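Chain by chain, the residues:
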Amino acid sequence: MMDPEICARMRADWNARAGEDAHYYVAFGRRGQPEEEFFETAQEMASALARELRRLPKEWKPRARRALEIGCGPGRLMKPLSRYFGEIHGVDVSDEMIRLAKNRLHGIPHAHVHATSGADLAPFADDSFDFVYSYAVFQHIPSGEVVFQYLREARRVLKMRGILRCQINGLPETAARYDTWCGVRIPAAAVAAFARENDFQLLALEGASTQYMWATMRKQPEGWSRRASQNRWAPGVRIRRITNSHSSEPVAPPRGRFAAVSLWVEKLPEDADINQLEIRIAGRSAACTYIGPTEPDGLQQVNALVPDGVGTGLQPVELCQAGAQPLANTVLRIIPPPPPAPRMVSVRDGIDLLSDCRITSGSVKVTLEEVFEIKALRATVDGLPVRDWDVFCTDPRVPCHEVNFQLPEGIFPGGHMLRLWLGRREIGSAAIEVVGG
């Protein structure tokens, strides 16, 4: 049973945000963002979600497809995605967001939006959608119970072999009390366990331990997980080639951003999923993150992260059904990692993220990469020290950090120089323009 107070708080908070500046709270771009620019920012994400449609059975024709968005807001993603479906629906806990969505989507007769409880998909029948998706929504739900209830509801309304693609906050747990902006954190292992226990074929679990972890699941019949784990895969699986996941080169370092590989696999069983598939590199289990749809050449892409502790040189790679003997193998050259290069990647206004180095709010957001000793960080603006900041690790594998701080007192409108150091080493500088008083 869902706590009605949580749903009421989500509705009240998101109604208030919709009334204040819906575009900002949905897309985090800039305050007062024009409508055309707001919808333009959805194109890349809409295209990425549309690529998941390749996983649907070929006999499901586009004009007959039905899609559902959980947390549709003012229709930012529904508008570009409507071209891929004969019917598309969106739900949101906020009545005000739904009012805005109806206005934005009035010219698309097959797009429909619904204000709901904030914890279920009650308006919809069982087995009624081909594709269910959610982007940057579960990150704002303060209850894990509500998130998993939504996932169970997604399974209920999906057709058999339908696809769920959703984003979840996978950051490590903190002692902080979660609210309707900084929502609950759910580890990758819990998502994998949910898929296994609810007969979802888990096809992607990307970005573990980050705020924007993606999961892709295919609905399978009841009892599928148990049967699939008991069935032994037939021989014939072959690894045709192995490359770095970020390039076509057959090499990978043992750590960092590029410590990920893609196996191009022939005759992978149809019921293979991340919960069953095991990849070993140098005898160590590698986290499988993605199983792609079958390509025209008959191969499937299987991505995995290079595990800790793998040495350099040629290393054996094995593909197995979990707990079983290898079905296919190859070799991968592990190359020495480059030395860490601590650097400042971007500087932007802390609220108007599209303003780049034009600081309009008095707050600054700096993105850093490969800074391992983050406590040694210091910063100045025109020589004035930055005293207080909030540091947030967004990806531990790189690592990547966001550093947020207020401009020091005494910084007035005009041009200024921001400089960052690790100890005595300067790692970046940027000219910023401060606007306003």
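Everything here concerns the structure above.
Here goes a summary of the coordinates provided. (Residues numbered from 1 in each chain as written. Predicted model: local features only at pLDDT ≥ 70, side-chain atom pairs only at ≥ 80, totals over all residues. Heavy atoms only, no water.)

Here we look at the overall build of the chain
Here is step 1 of the chain: A tally of regular secondary structure across the chain gives eight helices and 25 strands.
Here is step 2 of the chain: By the compact-globule yardstick of 22 Å for 437 residues, the chain fits well, its C-alpha radius of gyration being 23 Å.
Here is step 3 of the chain: Dimensions of the chain, computed from the C-alpha atoms along their principal axes, are close to 70 × 55 × 40 Å.
Here is step 4 of the chain: Counting the 437 residues in the chain, one finds 54% classified as buried.
Here is step 5 of the chain: Carbon and sulfur atoms make up 51% of the accessible area of the chain, which amounts to about 20200 Å² in all. (Helix = DSSP H or I, 4+ residues; strand = E, 2+ residues; numbered from the N terminus. Rg over C-alpha atoms; globule rule 2.2 N^0.38 Å. Buried < 20%, exposed > 50% of the residue type's maximum accessible area, 1.4 Å probe, protein only. Areas by Shrake-Rupley, 256 points an atom, 1.4 Å probe, with all protein chains shown as cover.)

Some remarks on the pairing of strand β7 (residues 213–219)
Here is step 1 of the chain: In terms of burial, β7 is a largely internal element, seven of the seven residues being buried.
Here is step 2 of the chain: Side chains of β7 alternate between two faces, with Met 213, Ala 215, Met 217 and Lys 219 and Trp 214, Thr 216 and Arg 218 buried alike.
Here is step 3 of the chain: For strand β5 (residues 158–168) and β7, the ladder comprises six bridges, and the chain directions are antiparallel. Paired with Leu 164 across the strands is Met 217, a residue of β7.
Here is step 4 of the chain: Relative to β7, strand β6 (residues 200–206) runs antiparallel, the two being bridged by six bridges. Bridge pairing in β7 links Glu 206 to Trp 214.
Here is step 5 of the chain: The antiparallel hairpin formed by β6 and β7 contains six residues in its connecting segment, where Gly 207 sits at a positive phi of about 80°. (Pairing = 2+ DSSP bridges.)

What about the sheet that holds strand β19 (residues 363–369)?
Here is step 1 of the chain: With antiparallel pairing, four strands are arranged side by side in an open sheet as β17-β19-β23-β22. In this open sheet, the two edge strands, each paired with only one partner strand, are β17 (343–349) and β22 (389–395). Sheet twist, expressed as the mean angle between neighbouring strand axes with direction ignored, is 20°.
Here is step 2 of the chain: In the sheet, β19 pairs with strand β23 (residues 400–406) via seven bridges, with the strands oriented antiparallel. If you follow Thr 367 over to β23, its bridge partner there is Glu 402. (Axes fitted to C-alpha atoms, helices over the stretch in contact; angles between N-to-C directions.)

Observations regarding the state of the cysteines
A disulfide bridge is the covalent bond that connects two cysteines by way of their sulfur atoms.
Here is step 1 of the chain: Inspection of the entire model under this criterion finds zero disulfides.
Here is step 2 of the chain: With no disulfide of its own, Cys 166 has Cys 72 as its nearest cysteine by sulfur position, at a separation of 16 Å.
Here is step 3 of the chain: Unpaired in this structure, Cys 400 has its nearest cysteine sulfur neighbour in Cys 393, at a distance of 7.6 Å. (Disulfide = S-S within 2.5 Å.)

Concerning helix α3 (residues 43–51)
Here is step 1 of the chain: The set of residues buried in α3 consists of Met 45, Ala 46, Leu 49 and Ala 50. All buried residues of α3 lie within an arc of 140° about the axis, which places them on one face of the element. Residues Glu 44 and Arg 51 are exposed on α3 and point more than 90 degrees away from its buried face.
Here is step 2 of the chain: The inward-facing, buried residues of α3 contact α4 (78–81), β4 (129–134), β5 and β7. (Arc of directions from axis to C-beta. Contact = heavy atoms within 4.5 Å.)

Considering the packing of aromatic side chains
Here is step 1 of the chain: A full pass over the atoms with the stated rule returns 13 aromatic pairs.
Here is step 2 of the chain: Between Phe 85 and Phe 131, the aromatic rings sit 6.1 Å apart at their centres with planes inclined by 10°, giving stacked as the arrangement. In this pair, Phe 85 is assigned in the loop between α4 and β2 (87–92) and Phe 131 in strand β4, connecting sequence segments 46 residues apart.
Here is step 3 of the chain: The buried category is assigned to Phe 85, whose relative accessible area is 5%.
Here is step 4 of the chain: Phe 131 gets classed as buried once you look at its relative accessible area, which sits at 1%.
Here is step 5 of the chain: For the cation-ring pair, Arg 76 lies above Phe 38, with the distance from its terminal atom to the ring centre recorded as 5.8 Å.
Here is step 6 of the chain: The aromatic ring of Trp 60 is capped on one face by Lys 159, whose charged end is 5.7 Å from the ring centroid. (Phe/Tyr/Trp six-rings, centres within 6.5 Å; stacked < 30°, edge-to-face > 60°. Lys NZ or Arg CZ within 6 Å of the ring centre and 35° of its normal.)

Quick notes on the pattern of salt bridges
Here is step 1 of the chain: On inspection of all chains with the given rule, the structure shows 22 salt bridges.
Here is step 2 of the chain: Here Arg 11 makes a salt bridge to Asp 95, at a shortest N to O gap of 3.9 Å. Of this pair, Arg 11 sits in helix α1 (residues 4–27) while Asp 95 sits in helix α5 (residues 95–104), and the two are 84 residues apart along the sequence.
Here is step 3 of the chain: Relative accessible area serves as the criterion here: at 41%, Asp 95 is assigned to the partly exposed category. (Salt bridge = Lys/Arg side-chain N within 4 Å of Asp/Glu carboxyl O.)

Considerations on the pairing of strand β14 (residues 299–305)
Here is step 1 of the chain: With six of seven residues buried, β14 is to be regarded as a mostly interior element.
Here is step 2 of the chain: Where strand β10 (residues 260–266) and β14 come together, seven bridges link them in antiparallel fashion. Bridging from a neighbouring strand, Trp 264 pairs with Gln 301 of β14.
Here is step 3 of the chain: Both strand β13 (residues 288–291) and β14 contribute to a ladder of three bridges, which runs antiparallel. Bridge pairing links Tyr 290 to Asn 303 in β14.

A few points about the nonpolar core
Here is step 1 of the chain: In this structure, Phe 138 and Leu 263 are the most contacted members of the largest nonpolar core, which totals 67 residues.
Here is step 2 of the chain: Among the elements that line this core, the one with the most residues is helix α6 (residues 144–157), at seven residues.
Here is step 3 of the chain: In contact with Phe 138, other than residues within four places in its own chain, are Ile 70, Val 147, Tyr 150, Leu 151, Cys 166, Gln 167 and Ile 168. (Core = buried A, V, L, I, M, F, W, Y, C linked by side-chain atoms within 4.5 Å.)

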